[in-house]
Amino acid sequence: MKSTVESKIREFRCQAGYFTLDGSSLLLPLLKQCASDGNIVRLLLGSNGGVTLASHIAFLAGTLGIPKTNVSLGVVSFDNCLYHPKVYHFVREDGSQTAYVGSANLTESGIAGSNVEAGLILDSGSGDDLTILKDIEARIENWFKGTQAGLSRINKHADIDDLLAAGSLALAPTKRAREIEEEGEEAATKTGKPSVYLKSIFKLPGVKLEESGSTVAPAIIPSSPPERRRFVRHTEQSFHYPQGTHLGHILTILSHFAGDRTGTAFDDQFIRLDGSLGSGRLAAYRRQIKYKMLAAIELGLITDIRLIDDTISYVPALTDAGRKLWNLIKPFVKPADLVLKRDENGDYSTAMQQANYYNEVVSTACDESAELQKLYHSCVLNMPAVKQMLILLYQQERTATVAKVRIYETFFESDAVKLFCDEIGIEAGTVESAKHRCPFLLNLLESCRIVGQNNSSVLVGTLALAPDVIVAPGTDPKVGEKMLPIILADWGKKSTLALADQKALRNLFGASFLTDTYYLKSVMQIPAPNVQ
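Note that this is a predicted model, so its numbers are computed, not measured.

### Overview of the confidence of the model for the chain
Working step 1: A residue-level look at the chain finds 87% of positions with pLDDT of 70 or above and a mean pLDDT of 86.
Working step 2: Long-range and interchain partners of residues 175–193, a stretch whose pLDDT sits below 50, account for 27 contacts in this model, where long-range means more than four residues apart.
Working step 3: Confidence drops under a pLDDT of 50 for residues 208–234, and excluding neighbours within four residues, the segment shows 64 contacts in the predicted structure.

Listed below in structure tokens is the structure:
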């Protein structure tokens, strides 16, 4: 495969029973090039027992630029059997074909050679029968003709969300007997038998995507759980860009999780963060609760399901920051404002008072408690999507009044957002998606008194700075760490920064930055993450 990938390929087809992103790293540059050149790419990837990670499928779909007429991506799973083929088929530019049919899955252990595998390689360039190779090609093509049992086509990000909700994809890695059997985990060492180790054939390269001439950090998932957790959070879009949520919902979650949730609107029966949501009105309510819970997790207030290997045993609870935040803000909140009421049919609703009401409740509380303000700002302003919104307002718009419609049109196209989505392996949203996801970010900024809002505009009033806010997206934040103390100390006075640093900052924030004509007069420092 390594030598084949390095040759000139115009078509690629694959069937693999098991798939991981690290297993595909050898192929990703080829797949991206084929897709962008309009050449054929067909991928059939198994998710037996729902073990394949949604974030890995989302990253692959984003790399391929789906939807594309020349690209087909499908996830295959059955309830009563395993999807088990391992077939890789290539067509070279000169028309010759080659294929591998054997036992190696599209996983790191299968491709890099840390498993012992067996397979047959056919190559028309070496005299093998082209008819057989064309038959292999046709068998894969047939999967994408009409409707096939067990096949779910991926044409948009919502398709991945649907499979995740149905339990056909996983949110986080799980250790299941079938997966261990397939991927050769060192079961022999657990039986007391002598250990025998086999050296991998080669080390797979990291996944790198080119963006505006720069290299994005590799998005390969490290093998050990601690490294994996530090590097990338297996996720879906609604974690990082919450929808249908405002601060009233977050306060309600804090209040319920601080006590006994049994029999309440946040009873365990209503919380489904992984697997099927069920059907009917109950499923609709579970979906709404899920959106709110994902926002609280992203803010660091609820324990994170993305860091749990066995999601079946996951029980959500307040983090230390969540519990402390609730204890500090509780005196300022009316219990009646945090009730999710039942309708005439006995069904709960997530309808509450308007978002701006809760924004003001939180703002006022923070005004009266410096301890609360520091913790709240630490949780809220270090949320990646919130910082991305700040970067958009300060570095892109550079004006005190910004139309909301413009924010919706440009947010998911901004450099900071696209870079972040590439790094963690999710697809950037659409303009329609931004209309549902940006309001929460703007409400958080309003609750910190950084912006104000009306129906059509955002009014920027305060410059909130952190090391990663004062550098270009993708730049090492350590560059900003050196400049930030000087900027804050000099604010309102002549800057003592080196002229090269001043020039770099004005390229980002505008020509009047660090002068008395700059449109923002008020400045604040964003507290470090996890301030307790």
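### So, the pattern of salt bridges
Working step 1: Within the structure shown, the criterion is met by 18 salt bridges.
Working step 2: One salt bridge connects glutamate 141 with arginine 13, and the closest N-O pair in it is separated by 2.7 Å. Taken together, the positions of glutamate 141 in helix H5 (residues 130–143) and arginine 13 in strand E1 (residues 9–16) put the pair 128 residues apart, joining distant regions of the chain.
Working step 3: Judged by its relative accessible area of 2%, arginine 13 is buried.
Working step 4: Here arginine 139 and aspartate 135 are joined by a salt bridge, their closest N and O atoms 3.3 Å apart. A residue pair is termed a helical-turn pair when its members lie 3 or 4 positions apart in one helix, as arginine 139 and aspartate 135 do in helix H5 at 4 residues.
Working step 5: According to the relative accessible area criterion, arginine 139 is exposed, its value standing at 52%.
Working step 6: One salt-bridge network, held together by shared partners, links Arg10, Glu11, Arg13, Arg42, Glu137 and Glu141.

### Things to note about the sheet that holds strand E10 (residues 401–403)
Working step 1: Pairing within the open sheet is antiparallel, and its 3 strands lie in the order E10-E12-E11. Each edge of the open sheet carries a strand with a single partner, namely E10 and strand E11 (451–453). Pairwise comparison of adjacent strand axes, ignoring direction, gives a mean angle of 25° for this sheet.
Working step 2: Where E10 lies against strand E12 (residues 457–460), 3 bridges are found, and the strand directions are antiparallel. For threonine 401, the partnering residue across the bridge sits in E12 and is leucine 459.
Working step 3: Those strands touched by helix H18 (residues 431–447) are E11 and E12, and its axis lies near 120° from that of E11.

### Some points on the sheet that holds strand E4 (residues 86–92)
Working step 1: Taken in spatial order, the 7 strands of this open sheet run E6-E5-E4-E1-E2-E3-E7, and their pairing is mixed. The sheet is open, and its two edges are formed by strand E6 (119–123) and strand E7 (151–153), each paired on a single side. Strand-to-strand twist across the sheet, computed as the mean angle between neighbouring axes with direction ignored, equals 15°.
Working step 2: As judged from the 5 bridges shared by E4 and strand E5 (residues 97–102), these two strands associate in the antiparallel manner. Bridge pairing in E5 places valine 87 opposite valine 101.

### Some points on the packing of aromatic side chains
Working step 1: Going through the model one piece at a time under the given rule, you end up with 17 aromatic pairs.
Working step 2: Judged by centre distance (5.9 Å) and plane angle (80°), the rings of tyrosine 241 and phenylalanine 411 are edge-to-face. One end of the pair, tyrosine 241, is in the loop between helix H9 (237–240) and helix H10 (247–257); the other, phenylalanine 411, is in the loop between helix H16 (404–410) and helix H17 (415–424), and 170 residues separate them in sequence.
Working step 3: Plain terms: the ring middles of tryptophan 491 and phenylalanine 513 are 6.1 Å apart, the flat faces sit at 55° to each other, and that makes the pair tilted. Of the two residues, tryptophan 491 sits in the loop between helix H19 (477–490) and helix H20 (499–509) while phenylalanine 513 sits in the loop between H20 and strand E14 (522–525), which places them 22 residues apart along the sequence.
Working step 4: These aromatic residues form a ring-pair network of at least three members: Trp491, Phe509, Phe513, Tyr518 and Tyr519.
Working step 5: Sitting over the ring of phenylalanine 239, arginine 306 keeps its end group 3.9 Å from the ring centre.

### Some thoughts on the packing of H10 against helix H13 (residues 355–368)
How two helices pack is summed up by the angle between their axes together with the distance between the axes.
Working step 1: Packing of H10 against H13 brings their axes to within 8 Å, and their N-to-C directions diverge by 60°. Overall, the two elements H10 and H13 adopt an arrangement that is oblique. Judged by residue contacts, Leu247, Gly248 and Leu251 of H10 engage Tyr358, Asn359 and Val362 from H13.

### Some words on the pairing of E12
Working step 1: Note: E11 against E12, 3 bridges, orientation antiparallel. By the bridge assignment, valine 451 is partnered in E12 with valine 460.
Working step 2: Adjacent in sequence and paired antiparallel, E11 and E12 are bridged by 3 residues.

### Brief notes about helix H6 (residues 157–165)
Working step 1: Burial within H6 is extensive, with 7 of its 9 residues counted as buried.
Working step 2: Among the residues of H6, His157, Asp159, Ile160, Asp161, Leu163, Leu164 and Ala165 are the ones counted as buried.
Working step 3: The elements touched by buried residues of H6 are helix H3 (54–64), strand E3 (71–76), E7 and H9.
Working step 4: Of the residues one or two after H6, glycine 167 is the one with positive phi, at around 85°.

### Remarks on the nonpolar core
Working step 1: In terms of nonpolar packing, the biggest core is built from 140 residues, with Leu43, Tyr376, Leu393, Tyr394, Ile407 and Ile450 touching the most fellow members.
Working step 2: Looking at this core, the element that brings in the most residues is helix H15 (residues 384–397), giving 8 residues.
Working step 3: Ignoring anything within four residues of it in the chain, the contact list for tyrosine 394 reads Ile450, Val460, Thr462, Leu463, Ala464, Val469, Leu508, Phe509, Tyr519 and Leu520.
Working step 4: Core analysis: the second largest hydrophobic core is formed by 12 residues, Val76, Leu122, Ile136 and Ile140 among them.

### A word on the packing of H15 against H18
Working step 1: Taken N-terminus to C-terminus, the directions of H15 and H18 make an angle of 80°; their axes are 10 Å apart at the nearest point. Considered as vectors, H15 and H18 are oriented roughly perpendicular to each other. Where H15 abuts H18, its residues Ala385, Val386, Met389, Leu390 and Leu393 lie against Cys438, Leu441, Leu442, Leu444 and Leu445.
Working step 2: Its residues assigned to classes, the contact of H15 with H18 shows 10 nonpolar, no polar and no charged.

Here is what the cut-offs are and how they apply
Residues numbered from 1 in each chain as written. Predicted model: local features only at pLDDT ≥ 70, side-chain atom pairs only at ≥ 80, totals over all residues. Heavy atoms only, no water. pLDDT = per-residue confidence, 0-100. Contact = heavy atoms within 4.5 Å. Salt bridge = Lys/Arg side-chain N within 4 Å of Asp/Glu carboxyl O. Helix = DSSP H or I, 4+ residues; strand = E, 2+ residues; numbered from the N terminus. Buried < 20%, exposed > 50% of the residue type's maximum accessible area, 1.4 Å probe, protein only. Pairing = 2+ DSSP bridges. Axes fitted to C-alpha atoms, helices over the stretch in contact; angles between N-to-C directions. Phe/Tyr/Trp six-rings, centres within 6.5 Å; stacked < 30°, edge-to-face > 60°. Lys NZ or Arg CZ within 6 Å of the ring centre and 35° of its normal. Parallel < 35°, antiparallel > 145°, perpendicular 65-115°, else oblique. Core = buried A, V, L, I, M, F, W, Y, C linked by side-chain atoms within 4.5 Å. Nonpolar A, V, L, I, M, F, W, Y, C, P; charged D, E, K, R; others polar.

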